[in-house]
Amino acid sequence: INATTNLGSQLRVSGMTNKFAFATQKIAWIQDKCYTWYNIHIGKKCHKHDGVILTINECEDGAIYTAVWYNTHNGNWSKPITNLRCTESGKLNITAPPFTNDIAILL
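Calculation rules
Residues numbered from 1 in each chain as written. Predicted model: local features only at pLDDT ≥ 70, side-chain atom pairs only at ≥ 80, totals over all residues. Heavy atoms only, no water. Disulfide = S-S within 2.5 Å. Helix = DSSP H or I, 4+ residues; strand = E, 2+ residues; numbered from the N terminus. Buried < 20%, exposed > 50% of the residue type's maximum accessible area, 1.4 Å probe, protein only. Pairing = 2+ DSSP bridges. Patch = residues over 30% accessible without salt bridge, like charges linked within 9 Å, V, L, I, M, F, W, Y side chains within 5 Å. Areas by Shrake-Rupley, 256 points an atom, 1.4 Å probe, with all protein chains shown as cover. Salt bridge = Lys/Arg side-chain N within 4 Å of Asp/Glu carboxyl O. Phe/Tyr/Trp six-rings, centres within 6.5 Å; stacked < 30°, edge-to-face > 60°. Axes fitted to C-alpha atoms, helices over the stretch in contact; angles between N-to-C directions.

## Looking at the state of the cysteines
Part 1: This model, assessed by the stated rule, comprises 2 disulfides.
Part 2: Bridging cysteine 34 to cysteine 46, the disulfide has an S-S length of 2.4 Å. Its torsion about the S-S bond being -90°, the disulfide of cysteine 34 and cysteine 46 is classed as left-handed. Of this pair, cysteine 34 sits in the loop between β3 (24-32) and α1 (37-42) while cysteine 46 sits in the loop between α1 and β4 (48-49), and the two are 12 residues apart along the sequence. Accessibility classification places cysteine 34 together with cysteine 46 in one group, the buried group.

## Structural notes on the pairing of strand β10 (residues 102-106)
Part 1: Most of β10 sits out of view: 4 of its 5 residues are buried.
Part 2: Pairing of β3 with β10 involves 5 bridges; the strand directions are antiparallel. Residue pairing in the sheet places alanine 28 in a bridge with isoleucine 105 of β10.
Part 3: Here 3 bridges tie strand β6 (residues 64-70) to β10, and the two strands are oriented antiparallel to one another. Bridge pairing in β10 links tyrosine 70 to alanine 104.

## Focus: the pairing of β3
Part 1: Bridge count for strand β2 (residues 11-19) against β3 is 9 bridges, and the pairing is antiparallel. Looking at the pairing, threonine 17 lines up with lysine 26 of β3.

## A closer look at a nonpolar patch on the surface
Part 1: On the surface, a cluster of nonpolar side chains totalling about 410 Å² of accessible area is made up of Trp37, Tyr38 and Ile42.
Part 2: Along the chain, isoleucine 42 falls in helix α1.
Part 3: What makes isoleucine 42 partly exposed here is its relative accessible area of 47%.

## Remarks on the packing of aromatic side chains
Part 1: Under the definition given, this model contains 2 aromatic pairs.
Part 2: A ring pair is formed by tryptophan 37 and tyrosine 38, whose centres lie 6.0 Å apart and whose planes are at 85°; its orientation type is edge-to-face.
Part 3: Of the residues examined, tryptophan 37 reaches a relative accessible area of 70% and is grouped as exposed.
Part 4: Overall, tyrosine 38 belongs to the partly exposed group, its relative accessible area being 45%.
Part 5: With a centroid separation of 4.6 Å and 45° between ring planes, the pair formed by tyrosine 70 and tryptophan 77 is classed as tilted.
Part 6: Looking at tyrosine 70, the relative accessible area reads 26%, which means it is partly exposed.

## Here we look at the sheet that holds strand β1 (residues 2-5)
Part 1: In space, the 3 strands of this open sheet follow the order β1-β5-β8, with antiparallel pairing throughout. On the outer flanks of this sheet lie β1 and β8 (91-95), each paired with one strand and no other. Averaged over all adjacent pairs, the angle separating strand axes in this sheet is 20°, with direction ignored.
Part 2: Where strand β5 (residues 53-57) lies against β8, 5 bridges are found, and the strand directions are antiparallel. Across the sheet, residue isoleucine 56 finds its bridge partner in β8, namely leucine 92.

These values are about where atoms sit, not about what they do.
Structure representation (structure tokens):
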């Protein structure tokens, strides 16, 4: 998956795309660069992020997605966000809920 955030210097994004005969599924994970095993070990706290915009690049023009955010710490899924449409330039912007450390999304 080709994706970025509006806080690129503080966050990293990774993910993948699965293509099925009937649909395409995208999964992305946003992680605070501060959130490492070493920082956890020494007790360093990472920032709370609010207003993060995830941009999915290279999606099909006009494609419509439903997104669900996943809290990686408590295992809860958000309510589905429906009717998200890719722009003519092949981009999809989605605002993440507030999070600390990391969060994931399923499209």
